[in-house]
Amino acid sequence: MSKTSPRPLTPDVTSALESLRADAVRRNAGEPEFHQALDEVLESLGPVLSARPELLDVLRRLVEPERQIIFRVPWQDDAGATHVNRGFRVEFNSALGPYKGGLRFHPSVNLGVVKFLGFEQIFKNALTGLNMGGGKGGSDFDPHGRSDAEVMRFCQSFMTELYRHLGEHTDVPAGDIGVGGREIGYLFGQYRRITNRWEAGVLTGKGTGWGGSPVRVEATGYGNVLFAAEMLAQRGEDLEGQQVVVSGSGNVALYSMEKAQALGAHVLTASDSSGYVVDEKGIDLDLLKQVKEVERGRVADYAERRGASARFVPGGRVWDVPADLALPSATQNELDAEAALALIRGGVKAVSEGANMPCTPEAVRLFREAGVALGPGKAANAGGVATSGLEMRQNAARSAWTFADVEARLAAIMRDIHATVHETAEIHGAPGDYVLGANIAGFQRVAEAMDAQGII
Ligand code: NDP
Ligand code: 2IT
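Rules used in this analysis
Residues numbered from 1 in each chain as written. Chains lettered and ligands numbered in written order. Predicted model: local features only at pLDDT ≥ 70, side-chain atom pairs only at ≥ 80, totals over all residues. Heavy atoms only, no water. Helix = DSSP H or I, 4+ residues; strand = E, 2+ residues; numbered from the N terminus. Rg over C-alpha atoms; globule rule 2.2 N^0.38 Å. Buried < 20%, exposed > 50% of the residue type's maximum accessible area, 1.4 Å probe, protein only. Contact = heavy atoms within 4.5 Å. Areas by Shrake-Rupley, 256 points an atom, 1.4 Å probe, with all protein chains shown as cover. Polar contact = N/O pair within 3.5 Å; in protein donor to acceptor, adjacent residues only side chain to side chain. Pairing = 2+ DSSP bridges. Near = heavy atom within 4 Å. Salt bridge = Lys/Arg side-chain N within 4 Å of Asp/Glu carboxyl O. Nonpolar A, V, L, I, M, F, W, Y, C, P; charged D, E, K, R; others polar. Expected span 1.5 Å × (residues − 1). Axes fitted to C-alpha atoms, helices over the stretch in contact; angles between N-to-C directions.

1. Thoughts on the overall build of the protein chain
Helix and strand content of the protein chain: 16 helices and 13 strands. In summary, the protein chain has a C-alpha radius of gyration of 21 Å against a globular reference of 23 Å for 456 residues, a match within 12%. Each principal axis of the C-alpha atoms in the protein chain carries an extent, and together these give about 60 × 55 × 45 Å. Every one of the 456 residues in the protein chain was classed for burial, and the buried ones make up 58%. Of the contacts made within the protein chain by residues no fewer than 6 positions apart, 72% connect residues no fewer than 24 positions apart. Per element, the accessible surface of the protein chain, about 17,700 Å² overall, is 49% carbon and sulfur.

This is the structure we're talking about:
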């Protein structure tokens, strides 16, 4: 990231942004993740708003979700005990297309978390160049340790309320933390049963035998590594021989590792909420996939079975392992100032966000000051939702593309996103500042559409 700063703001725009922020914080009290996501975008938009102050009115509408749905999700466990969870869907913005974004099942989910994710999704989806609005949903349900039958009953109960808000032209959910192919299957089945419609385009991330797209499973991780490769190419480097640290061991982490290894990088780490594994010989991805995807086990199990090259560090964080490239792929705020300083000391050249908002604002500032390239999630991890967009296209046309075809389209989209973001930062006087470039380019596309469609 560049050490240069974007052009200064006019006093009018500065005070308008301050009052807009204060108003949004007051109306969304107690939602720190949403405030953080909002701040990051607002801090980037000064140059655009100084040139076009009339877009301030658009921004005032943009920070208010179009619709927020909260509902009760009762379900019974295998022993017959009743549980009550809370379900959410924040339909944030539909100027560019139907609401689109994942569902997260994790105990930390609350309205503020869903709102931050939905807000990020608006700009991410705009950057893909496809026609998708922004939304996000989920529940505070914890799938860890639950049987398939319990997860099925939960998904059926969740969909029994959510179905009325969905539709291929209205709102199209997909997976996120705790929601993968198994959950999408149960959700799709219940939608089909309630509506009596085989409506493929209502969910993405489906199985490839029943309306899913090839590459959707791999897309977020593959796309993130392709974005990182584009950032490295700006320095005249590629991934060959680079040391890479990856956090997480879920969907995004595993397929980031797969693409990084395919491009010749050396992947050193994996993690989950109990700690991390460092493997001197490089992560054995077949073993890690067996442990995580097939057995739904923990990274500690991987270390135990891998032998002498791997070590499990309970409670530790992968950022203490020196590397050229860091791919945070677990969750929000997992990479703080202390972690950023450790990475910078270890000589990190680029950080590409597979997760949504994994770097704290202090970490972002430290990377910027140190000249480390930082690919923000809304650009770097957009390959997942972009491939969801390709799945929607195949569903609408009742066609199925090959793996190679979808992968080539994904690669082209990631290259385009990188080019757009890079060029936008340059135009606005901050070359190399991908955070600024992504926020401005995403905002401009949505704002133009909102402006054209009137005050709604
Ligand atoms: P998964 O559920 O497949 O994996 C999540 C991984 O992150 C697990 O290893 C999990 O460990 C770890 N993790 C989750 N929450 C925490 C936490 N609070 N503290 C520590 N570790 C945690 O999710 P995904 O791989 O799909 O998602 C990972 C990130 O990528 C999220 O930020 C998501 O929003 C983002 N993302 C996902 C996309 C997708 O297509 N799936 C697209 C774009 C972004 P444990 O099992 O111990 O909880
Ligand atoms: O954060 C994300 O972009 C996702 N979880 C994927 C959303 C999608 O609709 O594919």
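2. Some details on the side chain of lysine 259
With respect to the helices and strands, the residue lysine 259 is situated in helix H8 (residues 251-262). Reaching out from lysine 259, the side chain makes a polar contact with the side chain of glutamate 407 at a distance of 3.0 Å. If we skip the residues at most four places from it in the chain, lysine 259 touches Tyr222, Val225 and Glu407.

3. Observations concerning the pairing of strand S8 (residues 269-272)
Side chains of S8 alternate between two faces, with Thr269 and Ser271 and Ala270 and Asp272 buried alike. Taking the residues between adjacent antiparallel strands as the criterion, S8 and strand S9 (residues 275-279) are bridged by two residues.

4. Quick look at the site of ligand 2
Lining the immediate surroundings of ligand 2 are 14 residues, of which Lys100, Lys124, Lys136, Asp176 and Ser388 lie closest. One of the side-chain nitrogen or oxygen atoms of lysine 124 is found 2.8 Å away from an oxygen atom of ligand 2. Take asparagine 356: an N or O atom from its side chain is 3.0 Å from an oxygen atom of ligand 2. Relative to its unbound accessible surface of 290 Å², ligand 2 loses 94% to contact with the protein.

5. Focus on the pattern of salt bridges
Oppositely charged side chains may form a pair once their charged atoms are brought near each other. Under the criterion given, the structure shown has 34 salt bridges. Measuring nitrogen to oxygen at the nearest pair gives 2.9 Å for the salt bridge that ties lysine 378 to glutamate 40. Of this pair, lysine 378 sits in helix H13 (residues 377-380) while glutamate 40 sits in helix H2 (residues 32-51); the two residues are 338 residues apart in sequence, bridging distant segments of the chain. Across the salt bridge formed by glutamate 237 and lysine 349, the nearest N and O atoms sit 2.8 Å from each other.

6. Structural notes on the site of ligand 1
Taken together, 25 residues sit near ligand 1, with Asp176, Thr220, Ser273, Arg298 and Asn356 positioned nearest. Interatomic distance of 3.4 Å between a backbone N/O atom of alanine 330 and an oxygen atom of ligand 1. Considering ligand 1 on its own, with 890 Å² of exposed area, one finds that the protein chains cover 84% of that surface. Of all elements in the fold, only helix H7 (216-234), H8 and S8 reach the threshold of two or more residues within the shell around ligand 1. Its residues assigned to classes, the shell around ligand 1 shows four nonpolar, 15 polar and six charged.

7. Re helix H1 (residues 11-27)
In a regular helix each residue adds 1.5 Å, so 17 residues correspond to 24 Å; H1 covers 24 Å between its end C-alpha atoms and thus fits that length. Taken together, the buried residues of H1 touch H2 and helix H3 (55-62).

8. Focus on the sheet that holds strand S13 (residues 373-375)
The parallel open sheet is built from five strands, whose spatial order is S7-S6-S11-S12-S13. Across the chains shown, the open sheet's two edge strands, defined by having one partner strand only, are strand S7 (266-267) and S13. Relative to strand S12 (residues 350-352), strand S11 (residues 325-327) runs parallel, the two being bridged by two bridges. Following the sheet pairing, alanine 326 is matched in S12 by valine 351. In this fold H7 packs onto S11, S12 and S13, with an angle of close to 155 degrees to the strand it touches most, S12.

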